[in-house]
Number of protein chains: 2
Amino acid sequence: MQQIIKSDHLITDVEKAIQNIRHDKLFILTDENTHTHCFPLLAGIPLMRDAKEIVIPAGDTNKTIENLTRVWQLLTENGATRHSLLVNLGGGMVTDLGGFAAATFKRGISYINISTTLLGAVDAAVGGKTGINFEGYKNEIGSFYPSEAVIISSDFFHTLSHSDILSGYAEMIKHALIHSTAEWEEVLAYPFNEADYSKLNELVFRSVNIKQDIVEKDPYEKNIRKALNFGHTTAHAFESFAMNSEKPVPHGYAVAWGMIVELWLSYRLCGFPKEKLQRSVRFIQEHYGAFPISCDDYETLYEIARHDKKNIGDTIHFTLLSDIGDVQIDQTTDKELLFEAFDFYRDSVGL
Amino acid sequence: MQQIIKSDHLITDVEKAIQNIRHDKLFILTDENTHTHCFPLLAGIPLMRDAKEIVIPAGDTNKTIENLTRVWQLLTENGATRHSLLVNLGGGMVTDLGGFAAATFKRGISYINISTTLLGAVDAAVGGKTGINFEGYKNEIGSFYPSEAVIISSDFFHTLSHSDILSGYAEMIKHALIHSTAEWEEVLAYPFNEADYSKLNELVFRSVNIKQDIVEKDPYEKNIRKALNFGHTTAHAFESFAMNSEKPVPHGYAVAWGMIVELWLSYRLCGFPKEKLQRSVRFIQEHYGAFPISCDDYETLYEIARHDKKNIGDTIHFTLLSDIGDVQIDQTTDKELLFEAFDFYRDSVGL
C-alpha cells in the first residue's frame, strides 16, 4: 500500500521519499504550469540536478494517448530502465497520466506522486487508479498501479485559486457523505471566506485517510471501493458532455453537481433523509453554481452514462446512500427516474 | 494464477472456458491469419454468434501502438464494459497485444488466450507478460496481467510450418536447460524428421509446466523468474537489430541463436560444462542455421542490449547457467567478453 506523507518540510520530505526508493535514474513529470510554479520549489534538492524533467501541456484535455506516447518516448530516449524512478509533480492530470506511463513503461517502474492541487491530494494521487481519456471518455484506458508514496504539502495549496480549492473540496464532501454525519457537519461548517489553511489541512488529511482506508479494503473496486464513486456516474457524464462540447469543467465541480443528482436518487430509491438532502444540495448550489443542461441534453447524457466503466452490460450503475455513512453499491435506475433526477438538479441550481 | 487447459476437444473446452467466466459481452481478437485459418474452427460454438471479432494485421512488426489503439477503439465503439471478456486467438503477437489491451481497457477486463502456435503455447500465452513494441524496442510498453485461462490445443499445431515448430521448440530447449539434464536429453532427442505430434504434445505440456511453476514462484520477475530470460538478452538484441533493418526474424530462432552466445558466457563466467555447451550448440546450429552478423554490428548490438528491460542502469544483465538446471541470475559482463561471445557465435554457426 502506498505511503501517505503529510509534508511539513517539502524539501526534506521529498528528498527522503526519493532516497527511500532504490533507483538508477530519476525522472520528473510536470505540466507547463507545475514546471513554472512548482518545480522551482524542489530545485534545492541535490538529487534534482541529475534528474530529467519531462514537461507536458496542462489540463485534462491533454490527458491523451499523444502525451502518454511523448512521455514513453522521452523515457526511452533518456535511457530509463525498469529500475528508474518517476516523480509526478502536478494535479490529477499529471498523476493519472504519469502513473499510467509508470505502470506500462517496461511493464512497470516505481513512481511517487507529489500533489500540487487540493483535488489531486484528496482524489487522484491516492488509490492506484491511473489512466488517460480516450475517444471522448474519461479514463477509458488505464490500470490499477499504486505509487510508492504520495506527498501532500500545504505549500502548494496557498497559491490555489478559489475554484481550485472548491474543486478539491467536492471530493471532501463526498468522503464525508460516505463516512459519517460528524464529518459531514464539519465539512459543511468550513469557513470558506476566511481561508483557514490550518483547518483546511486538518480536513484534507482526514479526508485522504477516509479514502485510503476504503482502498485498502478493496483495491480493485470489486465491492466497497465503489463507495468512492458516489456522485461520479453523473459527474463523468457531465464531464464527457462538457468535453465533447469543448467547454471542459473542473472535475470537482462535476462531482458536486453529480452529487445533487445522486443524492436525489438516494432519497427516492434508498430513503436518504430529506433534510440532509436539502442541506447538502443548498451547500453545493451556494458554492458551485450551475452546470447548464437542458431537457434536450438528457438523452445524450444518458447515452454517455451507459458507457461508464462501473456498468454491467447496458445498465447504468450508481453508488447511492440510504443515509450519511450508509453506502448502497450497485444501484440501478430506469431512464425515467434518471430524467426526474436531472429535473431536480435543474430546479436546485436554478436552471 | 491462470488455468492451463490442455485441450483434447477444442469446441467443448473453449465453450466451457468462456462459460466459466462471468461476462456481459464477448470479443474475439484475431490477426489476418488466424481469422482465416483458426477462427472457423470455433464457429460451431453458439456463444461465438454474438461475439464481436476484431481483426488486426499479422506479424510482430504489427505489435504497435497503432494496432493497440485500434483494438481499444473497437472495444469502445462496440460497447465493451469492465465486465466484457476478450478471447485472444493467435500466436504471441495476438496474445501480447490483446493481453495488454485487456490489461488497460477500463483499467482491466478478463481475457483468455488460445494459442495457435507452438511458440505462443510455450512462451507468450502463459505467465501474464503483455505488451507492444515501441520505438524499435521489443515489448518496451506493457504490463503484468495474466489471462484467466490458456487453452493449448494440438489441433492448431498440425498445420504449422517446420520453421514455426522450430521457433516454439527453441523455448522448449531453454526450459529444458534451466530445468534438468533429463529434460534436456529428451528435448535433444526429439525426431524432427518424423513429426511425432503425440511425443511433441507431451514435451510441450511438460515445457509449459516448467514455465508455470517458475512464474508462480515469482510473478513480477524479482528473482527466479529471471531464469526464463536465459538466451533472451542476446535474442532481444538480435530481434531489435533485425527489426531495425526491416528483416525481422522469428522470436524462437533469435532465442536459439541467443542461447549460443549465452551458453558460451555461461561456460566462461559460471563454469558451464564444455561438453553440454558443444552438444547444445551443435543441435541449434543444425536446426536453426545462422543469423548474419559481422564484427561491424557488435557496437550496435551492444547499444541495443544496454536498453534491455532486464538491466540495472547501463549495465547489461544476463541470466546464465553454471550447469543445466543451475541458474545464475543477474550476471554481468564487460563489452570485451560479450564481443568474444559474438565471435564464438559466428564461429559456431559458420559465419
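Residues numbered from 1 in each chain as written. Chains lettered and ligands numbered in written order. Predicted model: local features only at pLDDT ≥ 70, side-chain atom pairs only at ≥ 80, totals over all residues. Heavy atoms only, no water.

What counts, and what does not: UniProt positions are given in the numbering used here, feature names are shortened, and annotations may be inferred rather than shown by experiment.
As recorded in an unreviewed UniProt entry, chain A goes by 3-dehydroquinate synthase and comes from Proteiniphilum saccharofermentans. The heading Function (unreviewed entry) in the UniProt record of chain A holds the text "Catalyzes the conversion of 3-deoxy-D-arabino-heptulosonate 7-phosphate (DAHP) to dehydroquinate (DHQ)."

## As for the pattern of salt bridges
All names here are of chain A. Here is the rule we go by: One side-chain nitrogen of Lys or Arg within 4 Å of one carboxyl oxygen of Asp or Glu is enough to make a salt bridge. Numbering of helices and strands runs from the N terminus, with a helix taken as a DSSP run of H or I at least four residues long and a strand as a DSSP run of E at least two residues long. A simple rule labels every residue: compare its accessible area, found with a 1.4 Å probe on the protein chains alone, to the largest value its type can have, and call it buried under 20%, exposed over 50%, or partly exposed in between.
By the definition in use, this model includes 44 salt bridges over all chains. Note that K129 and E221 form a salt bridge whose closest N and O atoms lie 2.4 Å from each other. Here K129, found in strand 6 (residues 129-134), pairs with E221, found in the loop between helix 8 (197-217) and helix 9 (232-244); they are 92 residues apart in sequence, far enough to count as distant. The exposure classification of K129 matches that of E221, with both residues buried. When salt bridges that share partners are traced, they join D60, K63, D96, K138 and E239 into one network.

## Describing the packing of helix 6 (residues 162-179) of chain A against helix 10 (residues 251-270) of chain A
All names here are of chain A. In plain terms, the rule: A fitted line through C-alpha atoms serves as each axis, taken over the contacting stretch for helices, and the angle formed by two N-to-C directions is quoted from 0 to 180°. We call a crossing left-handed when the near helix sits turned anticlockwise from the far one by less than a right angle, and right-handed when that turn is clockwise. The contact criterion used throughout is that any non-hydrogen atoms of two residues lie within 4.5 Å. Note that Gly is not counted as nonpolar here; it falls among the polar residues with everything else outside the nonpolar set of Ala, Val, Leu, Ile, Met, Phe, Trp, Tyr, Cys and Pro and the charged set of Asp, Glu, Lys and Arg.
Remark: helix 6 packs on helix 10, axes separated minimally by 7 Å, with the N-to-C direction vectors making an angle of 35°. The chirality of how helix 6 crosses helix 10 is left-handed. Facing S163, L166, S167, A170, E171, I173, K174 and L177 of helix 6, the residues of helix 10 in contact are H251, G252, Y253, V255, A256, M259 and L263. Its residues placed into classes, the contact of helix 6 with helix 10 shows nine nonpolar, four polar and two charged.

## Here's the deal with unusual backbone geometry
Residue and element names in this part refer to chain A. The residue N139 is not glycine, and still its phi comes out positive at about 50°. With respect to the helices, strands and loops of the structure, N139 is situated in strand 7 (residues 137-144). Positive phi outside glycine occurs at E221, with the angle close to 60°. Of the residues examined, E221 reaches a relative accessible area of 4% and is grouped as buried.

## Focus: the pairing of strand 6 (residues 129-134) of chain B
Residue and element names in this part refer to chain B. Put simply, the rule reads: A strand pair is defined by DSSP finding two or more bridges across the two strands.
For strand 6, a buried count of six out of six residues is recorded, marking the element as mostly surrounded by other parts of the structure. Neither face of strand 6 is left uncovered, since the one carrying K129, G131 and N133 and the one carrying T130, I132 and F134 both have all their residues buried. One ladder, built from five bridges, connects strand 6 with strand 7 (residues 137-144); its direction is antiparallel. Bridge pairing in strand 7 links I132 to I141. Hairpin geometry of strand 6 and strand 7 is characterised by an intervening segment of two residues between the two adjacent antiparallel strands and by a positive phi of about 55° at E135.

## Things to note about the sheet that holds strand 8 (residues 149-153) of chain B
Residues and elements named next belong to chain B. Taken in spatial order, the six strands line up as 1-8-5-4-2-3 in an open sheet, and their pairing is parallel. Edge positions in the open sheet fall to strand 1 (3-7) and strand 3 (52-56), since each of these has one partner strand only. Taken over all neighbouring pairs, the strand axes of this sheet differ in orientation by 20° on average, direction set aside. Examined bridge by bridge, strand 2 (residues 26-31) and strand 4 (residues 85-90) share four bridges and lie parallel to one another. Following the sheet pairing, I28 is matched in strand 4 by V87.

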